[in-house]
Amino acid sequence: MAKSQVVAKGGYKPLSSGRVWQDYLTMTKPKVVAMLLLTALVGMCLAVPGIPPLKAVVFGLAGIGLQSAAAAAFNHVLDRRFDAKMARTYHRPLAKGRVETHKAVIFACVLMVAGFVVLWQLNALTAWLTFASLIGYALVYTVWLKHATPQNIVIGGLAGAAPPLLGWTAVTGELHSHALLLVMLVFTWTPPHFWALAIHRRDDYAKAGIPMLPVTHGISYTKTMVLLYTLMLALVGLLPWLTGMSGWLYLIGSSVLNLGFIGYAVKLKFADEPGHAWATFKYSIWHLLALFVVLLADHWLAALLV
């Protein structure tokens, strides 16, 4: 089997070509990208009464996926020294030295350019909006906000909330208020999702010197903010129904999901127990996935009944 050499702590360490491939895949954060693509796909489907054009779906998902993967790879590059200090991330390819920094930068740039070119085949609006989201996450959040303020995830969350809008513009080439409602859902969901993880990994962030909310304001305060944001999410979750964007199926499904999130947050604040912050974080992931599936089911049900 072919061998390659990468710089590692204490010298060079031979790795199999299969391991190298896995390391590059890891840098793209495939699970995160998959979630972003689901929200983008729902945005595409909600943009039109029926099934969106195949070209828009294929090129849109490919381009958004490539740019999202590029943003993740840039994040690995820029955070490599902090990753090495944290239990959750110390094993990452760049933190461990299994992939050289300049190679990771080239890899990220190739993904970025390829994604931009693919999206340009659809329309310039989607190409530039996606690129702006990449810059927002990879540079504004990772380089500045993450280390400047405990509100980093609130402000920086806008970049991660963009995929539904990008999916919408990939199909229509236009901005729409309904697409912005989808952005608001993800934007409001992001802080309680991430702060639950930050509570669980509070010591990690403190060790790395990253001013996450549990580090700067304490765990009790962060629990309160998680609860307040889940209440806000429930209110924002009513907007698609109140504006006529979605129907009763969405209202019922989203209400159940949001009440579940509130239940986790209430327990986190008033009856916490070991491991519950992590359980809240995991629920939040399934919450967002299910919420967008319900949005899509409601949309297609309405189309069938017309």
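For clarity, every value in this text was computed on a predicted model and none was experimentally measured. (Residues numbered from 1 in each chain as written. Predicted model: local features only at pLDDT ≥ 70, side-chain atom pairs only at ≥ 80, totals over all residues. Heavy atoms only, no water.)

A closer look at the overall build of the chain
Scanning the chain for helices and strands turns up 16 helices and two strands. Relative to the 2.2 N^0.38 estimate, which gives 19 Å for 306 residues, the radius of gyration of the chain is 20 Å and therefore close to what a compact globule would have. Dimensions of the chain along its principal axes, counting C-alpha atoms only, are 65 × 50 × 35 Å. Here the chain holds 306 residues, and 50% of them are scored as buried. Partitioning the contacts of the chain with sequence separation of at least 6, the portion at a separation of at least 24 is 72%. Working note: accessible area of the chain is about 14,100 Å², and carbon and sulfur atoms make up 71% of it. (Helix = DSSP H or I, 4+ residues; strand = E, 2+ residues; numbered from the N terminus. Rg over C-alpha atoms; globule rule 2.2 N^0.38 Å. Buried < 20%, exposed > 50% of the residue type's maximum accessible area, 1.4 Å probe, protein only. Contact = heavy atoms within 4.5 Å. Areas by Shrake-Rupley, 256 points an atom, 1.4 Å probe, with all protein chains shown as cover.)

Section: the environment of G260
Its place among the elements puts G260 in helix 15 (residues 248-270). Classification of G260 by relative accessible area gives partly exposed; the value is 21%. Through-space distance from the C-alpha of G260 to that of P191 is 16 Å; in sequence the pair is 69 residues apart.

Looking at the packing of aromatic side chains
According to the stated counting rule, one finds 12 aromatic pairs in the structure shown. Considering the side-chain rings of Y24 and F107, the 5.0 Å spacing of their centres and the 80° angle between planes classify their relative orientation as edge-to-face. Of this pair, Y24 sits in helix 1 (residues 17-27) while F107 sits in helix 6 (residues 101-120), placing them 83 residues apart in sequence. Since its relative accessible area comes to 21%, F107 is described here as partly exposed. Here the aromatic cluster, defined as three or more aromatic residues joined through ring pairs, consists of F116, W120, W128 and F131. Of note, K55 hangs over the ring of F59, and the distance from its end group to the ring centre comes to 5.7 Å. (Phe/Tyr/Trp six-rings, centres within 6.5 Å; stacked < 30°, edge-to-face > 60°. Lys NZ or Arg CZ within 6 Å of the ring centre and 35° of its normal.)

With respect to the pattern of salt bridges
For the structure on display, the rule yields eight salt bridges. The salt bridge involving D83 is made with R92; its shortest N-O contact spans 3.2 Å. Here D83 and R92 have matching classes, each one buried. Between R202 and D203 there is a salt bridge whose closest N-O contact spans 3.5 Å. Judged by its relative accessible area of 26%, R202 is partly exposed. Several salt bridges share partner residues, and in doing so they unite R19, D23 and R98 into one network. (Salt bridge = Lys/Arg side-chain N within 4 Å of Asp/Glu carboxyl O.)

Digging into helix 15
Structural remark: α-helix, 3.6 residues per turn; residues separated by three or four positions point the same way. With 23 residues, helix 15 should reach 33 Å at 1.5 Å per residue; the first-to-last C-alpha distance of 32 Å fits that figure. Turning to helix 15, its buried residues are Y250, L251, G253, S254, L257, N258, F261, I262, A265 and L268. Those residues of helix 15 hidden inside the fold are in contact with helix 10 (177-200), helix 13 (219-236), helix 14 (239-242) and helix 16 (276-305). (Expected span 1.5 Å × (residues − 1).)

Here we look at the nonpolar core
As a rule of thumb, nonpolar side chains are buried together in soluble globular proteins. Counting residues in each nonpolar core, the largest one holds 35 residues, and the members touching the most others are L46, L182, L185, W189, F292 and L295. Counting residues per element, the ones that place at least two in this core are helix 2 (30-46), helix 3 (54-78), helix 9 (163-172), helix 10, helix 13, helix 15 and helix 16. The element contributing the most residues to this core is helix 16, with eight residues. Those residues in contact with W189, other than ones at most four positions away along the chain, are M35, L233, F261, S284, I285, H287 and L288. Within the second largest apolar cluster, 26 residues are counted, among which are L145, Y205, I210 and V226. (Core = buried A, V, L, I, M, F, W, Y, C linked by side-chain atoms within 4.5 Å.)

Here we look at the side chain of H276
Checked against the element boundaries, H276 lands in helix 16. Not counting chain neighbours up to four residues away, the residues in contact with H276 comprise Y264, K267 and L268.

Some details on helix 2
In this model, helix 2 (17 residues) spans 24 Å end to end at C-alpha, consistent with the 24 Å of a helix rising 1.5 Å per residue. Inspection of helix 2 places V33, M35, L36, T39, A40, V42, G43, M44, C45 and L46 among the buried residues, and these make up the whole buried set.

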